Amino acid sequence: NGNVYPNAGLKPVKISEYEVGLSMGFLQNRISIDAAVYQKNTTDDIAQISTSTASGYNAKIANVGKIRNTGFEFMVDAYPVKTADFVWNTTLNFSYNKSEVRYLGEGVDLLAIDGAQSRAGEVYVYNVVGSPYGEIYGYKYKRDAAGNIIFKDGIPQRTDERVSLGNGVPKWTGGWSNSFSYKGFNLAMLIDFKLGHKIYSETNRNLVSAGLHKMTLVGRSKDNPVGSVVGVGVNEDGTPNTTAVEAQTYYGKLVENNIAEAFTYNASFVKLRELSLGYSFPGKMLPKQIKGLSLSIVGRNIWTIIKHTDNIDPESSLNNTNGQGLELNGYPATRNIGFNVNIKF
């Protein structure tokens, strides 16, 4: 029967949502605005919770989750220029969402999202009562009251327990699209973004472990390839750390002690997602059998304008579960360039 107790009394998830919106158009719809605010309540959310192994199972499925989402959505669409030959259309949209886990079961304050854990590094994605959905939990640097990293024998120490490293779900999402038409030519572009979330990179953890990440160059030089590192911080007695440690030992302990804070990044990004250039041939240039002909070049994932993650795409993901914010050896995003031909008969 497996290790999970099958709950015959399981109920469907219930979602209720309240939304207020406004749609306005001005100057014969040269400018239009859509805005909405909402509150969504999810109850009887289905979760896997631990149970006594004396029952013959490690966990059971139950309706225990209560989650609230509040936020707003906004879009403005405009035609700054609109003449017989030239048209410029621009659209900006963005949304903000704030979630809160309100209940996870009697006496349960923290619950791991099934399947959302790192293969190494002891990092998990939890739902925590009173916090947003999808908190990333792992070990941080141990610090004193002033925020200085605490060292022992030149090695940075870690917190006694796993703590929140941030949230893996973006709070802000949006995009900005523009299209320009001049006679038969058309140029279009789309920029999109996600902001306000974190990602733990096991790829960079592995690179540091092998001495292949650029951060491991600190303390190494041409004359001293083995290198020595003096970490910036204080000893346990509060005095400045002055102990030099061989680079391999220093970074090896950073990995061995699973200090996940060192490999957790701001996952916000801005990307030029799509760019296209096309031409539609006028009817007088076409034979009678063809009603329309257009050619275009389209590129996708053209350019990452802003990102804060070393070596990895901030959209990389370890798994396909609901637990976001973990990454391991994700394939880089590919830049695609294609050629389209559209013929109407």
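Calculation notes
- Residues numbered from 1 in each chain as written.
- Predicted model: local features only at pLDDT ≥ 70, side-chain atom pairs only at ≥ 80, totals over all residues.
- Heavy atoms only, no water.
- Helix = DSSP H or I, 4+ residues; strand = E, 2+ residues; numbered from the N terminus.
- Contact = heavy atoms within 4.5 Å.
- Areas by Shrake-Rupley, 256 points an atom, 1.4 Å probe, with all protein chains shown as cover.
- Lys, Arg positive; Asp, Glu negative; His and termini not counted.
- Charge placed at Lys NZ, Arg CZ, Asp CG, Glu CD.
- Buried < 20%, exposed > 50% of the residue type's maximum accessible area, 1.4 Å probe, protein only.
- Arc of directions from axis to C-beta.
- Pairing = 2+ DSSP bridges.
- Axes fitted to C-alpha atoms, helices over the stretch in contact; angles between N-to-C directions.
- Phe/Tyr/Trp six-rings, centres within 6.5 Å; stacked < 30°, edge-to-face > 60°.
- Salt bridge = Lys/Arg side-chain N within 4 Å of Asp/Glu carboxyl O.

A. The arrangement of the overall build of the protein chain in detail. For the protein chain, the count of helices and strands is 2 helices and 22 strands. Expressed along its principal axes, the backbone C-alpha trace of the protein chain runs to roughly 85 × 65 × 40 Å. Contacts in the protein chain between residues far apart in sequence, at least 24 positions, make up 66% of those at least 6 positions apart. For the protein chain, the computed accessible surface area is about 20100 Å², with 53% contributed by carbon and sulfur atoms. Each charge class in the protein chain was averaged separately, 35 positive and 31 negative side chains, and the resulting centres sit 10 Å apart.

B. Looking closely at the side chain of histidine 197. Mapped onto the secondary structure, histidine 197 falls in the loop between strand E13 (185-195) and strand E14 (198-201). Given the relative accessible area of 8%, histidine 197 is considered buried. If sequence neighbours within four positions are ignored, histidine 197 has contacts with Asn167, Gly168, Val169, Pro170, Tyr265, Asn266, Ala267 and Ser268.

C. Helix H2 (residues 247-256), seen in detail. Residues Ala247, Tyr250, Tyr251, Leu254 and Val255 constitute the buried set of H2. Buried residues along H2 cover an arc of 130° about the axis, so they all sit on one side. Facing away from the buried side of H2, by more than 90 degrees, are the exposed residues Gln248 and Glu256. Those residues of H2 hidden inside the fold are in contact with strand E9 (150-152), strand E10 (155-156), helix H1 (202-209), strand E15 (228-229) and strand E17 (245-246). In the segment just after H2, asparagine 258 is the residue with positive phi, at about 55°.

D. Looking closely at the sheet that holds strand E11 (residues 163-167). One open sheet accounts for 4 strands, arranged E6-E7-E8-E11; its pairing is antiparallel. Bordering the open sheet on either side are strand E6 (110-117) and E11, each of which pairs with just one other strand. Shown here is a sheet whose adjacent strand axes are inclined to one another by a mean of 40°, direction ignored.

E. Looking closely at the pairing of strand E4 (residues 59-82). For strand E1 (residues 4-5) and E4, the ladder comprises 2 bridges, and the chain directions are parallel. Opposite valine 4, over in E4, you have alanine 59 as the bridge partner.

F. Region of interest: the packing of aromatic side chains. The final tally for this structure, using the stated rule, is 12 aromatic pairs. Centroid distance phenylalanine 72 to phenylalanine 94: 6.3 Å. Interplanar angle 85°. Geometry classified as edge-to-face. One end of the pair, phenylalanine 72, is in strand E4; the other, phenylalanine 94, is in strand E5 (residues 86-103), with 22 residues separating them in the sequence. On the basis of relative accessibility, which here comes to 30%, the residue phenylalanine 72 falls in the partly exposed class. Ring centres 4.9 Å apart and planes at 85° place the aromatic pair tyrosine 279 and phenylalanine 281 in the edge-to-face group. We classify tyrosine 279 as partly exposed; its relative accessible area is 23%. Aromatic rings pair up to connect Phe72, Phe74, Phe94, Tyr96 and Trp172 into one cluster.

G. Summary view of the environment of serine 317. One can find serine 317 in the loop between strand E20 (292-306) and strand E21 (326-327). Taking the C-alpha atoms as reference points, serine 317 and lysine 344, 27 residues apart in sequence, are found 41 Å from one another. Not counting chain neighbours up to four residues away, the residues in contact with serine 317 comprise Leu326 and Glu327.

H. Representation of the pattern of salt bridges within the structure. Considering all chains together, one arrives at 10 salt bridges under this definition. When the shortest N-O distance is used, the salt bridge between arginine 162 and glutamate 122 registers 3.1 Å. Remark: glutamate 122 occurs in the loop between E6 and strand E7 (124-128) and arginine 162 occurs in the loop between E10 and E11; sequence separation between them is 40 residues. Between lysine 253 and glutamate 256 there is a salt bridge whose closest N-O contact spans 3.4 Å. With lysine 253 and glutamate 256 both in helix H2, this residue pair falls 3 residues apart, about one helical turn.

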